[in-house]
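Chain by chain, the residues:
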Amino acid sequence: MIRYSLLCDADHEFEAWFSNSDGFDDQAARGLVECPHCGSMQVRKALAAPAVATSRKREASAAHQMAEMANKVKAHIRKNYDYVGDDFAREARAIHDGDKPARLIYGEASLNDTKALSEDGVPVTPLPDAFAPTPPKKAN
Ligand SMILES: [Zn+2]
């Protein structure tokens, strides 16, 4: 049995058990998975990885480890990378083209920007929210 955390289209969170990993897809496709709060059938998995039955303690520890890892990544970026804000795509391209001296940067970019950069061979790594450092305060 696999337990999934599920979300409906109104963002109600609930849990349901399925016999195997295909169980959710199969039952959702047949309209058998329903939000217990509002009855919506627009239900999706809340987590990318199935939450196999574990004790609360192990779940908490995994979440804790994840948070620690995220903090390390954030600290590393803040220490070694320059924040360029919305100029990220332009800066990354200028550095890649040799118009600006090489340095490590981070900032905001749209999905289209990062896609265009990757397609042009500019190495960019989109960060999940949990791993994205808070931008430094702007000097006024
Ligand atoms: Zn709902």
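Residues numbered from 1 in each chain as written. Predicted model: local features only at pLDDT ≥ 70, side-chain atom pairs only at ≥ 80, totals over all residues.

## So, the overall build of the chain
Quick reminder of the rule: A run of H or I in DSSP becomes a helix once it reaches four residues, and a run of E becomes a strand once it reaches two; helices and strands are each numbered from the N terminus. Residues are treated as contacting if the C-beta atoms built from their backbones sit within 7 Å of each other.
Counting secondary structure elements, the chain contains 4 helices and 5 strands. Beginning at the N terminus, the succession of helices and strands in the chain can be written as β-β-α-β-α-β-α-β-α. Within the chain, contacts between residues at least 6 apart in sequence are counted, and of these 47% link residues at least 24 apart.

## What about the confidence of the model for the chain?
This is how the line gets drawn: Each residue carries a pLDDT score, the predictor's confidence in it, ranging from 0 to 100.
Averaged over every residue, the pLDDT of the chain is 85; the share at 70 or more is 89%. Averaged pLDDT values over the elements of the chain bottom out at 83 in helix 2 (residues 56–80) and peak at 94 in helix 3 (residues 88–96).

## Here we look at helix 3
For clarity, the cut-off: In this scheme every C-beta is placed from the backbone, and a residue whose C-beta has 20 or more other C-beta atoms within 10 Å is buried, one with 12 or fewer is exposed, and one in between is partly exposed. The arc in question is formed by the directions pointing from the helix axis toward the C-beta atoms.
Residues of helix 3 that are buried: F88, A89, E91 and A92. Along the axis of helix 3, the buried residues cluster in a sector spanning 165 degrees; they form a single face. Positive phi shows up at G98, right after helix 3, with a value of about 80 degrees.

## What about unusual backbone geometry?
For D11, which is not glycine, the phi dihedral falls at a positive 65 degrees. Inspection of the secondary structure puts D11 in the loop between strand 1 (2–8) and strand 2 (13–18).

## A few points about the nonpolar core
Convention followed: Joined through C-beta atoms within 7 Å, a set of buried Ala, Val, Leu, Ile, Met, Phe, Trp, Tyr and Cys residues constitutes a nonpolar core.
The biggest cluster of nonpolar side chains holds 6 residues, and these are Y4, L6, C8, F24, V33 and V43. No other element matches the 3 residues that strand 1 contributes to this core. Not counting residues within four places of it along the chain, the set of residues in contact with V43 comprises L6, C8, A28, V33 and C35.

## Describing the sheet that holds strand 2
Just so we agree on the cut-off: For two strands to pair, DSSP has to find at least two bridges joining them. A fitted line through C-alpha atoms serves as each axis, taken over the contacting stretch for helices, and the angle formed by two N-to-C directions is quoted from 0 to 180°.
Sheet architecture is open: 3 strands sit in the order 2-1-3, paired in antiparallel fashion. Two strands lie at the open edges of the sheet, namely strand 2 and strand 3 (43–45), each paired on one side alone. Between one strand axis and the next, the sheet turns by 40 degrees as a mean value, whatever way the strands run. Judged from the 6 bridges that link them, strand 1 and strand 2 form a sheet pairing that is antiparallel. Among the inter-strand pairings, L6 is bridged to a residue of strand 2, identified as F14. Set on the sheet, helix 1 (residues 21–29) makes contact with strand 1, strand 2 and strand 3; between it and strand 2 the angle comes to about 115 degrees.

## Side note on the environment of E108
With respect to the helices, strands and loops of the structure, E108 is situated in the loop between strand 5 (105–107) and helix 4 (111–119). Of the residues examined, E108 has 14 C-beta atoms within 10 Å and is grouped as partly exposed. Separated by 20 residues in sequence, E108 and F88 place their C-alpha atoms 5.9 Å apart. With residues near it in sequence (within four places) discarded, E108 still touches G85, D86 and F88.

## Describing the environment of L7
Mapping L7 onto the fold places it in strand 1. Sequence separation between L7 and V43 is 36 residues, and the spatial gap between their C-alpha atoms is 5.6 Å. Leaving out residues up to four positions away in the same chain, L7 has contacts with H12, E13, R44 and A46.

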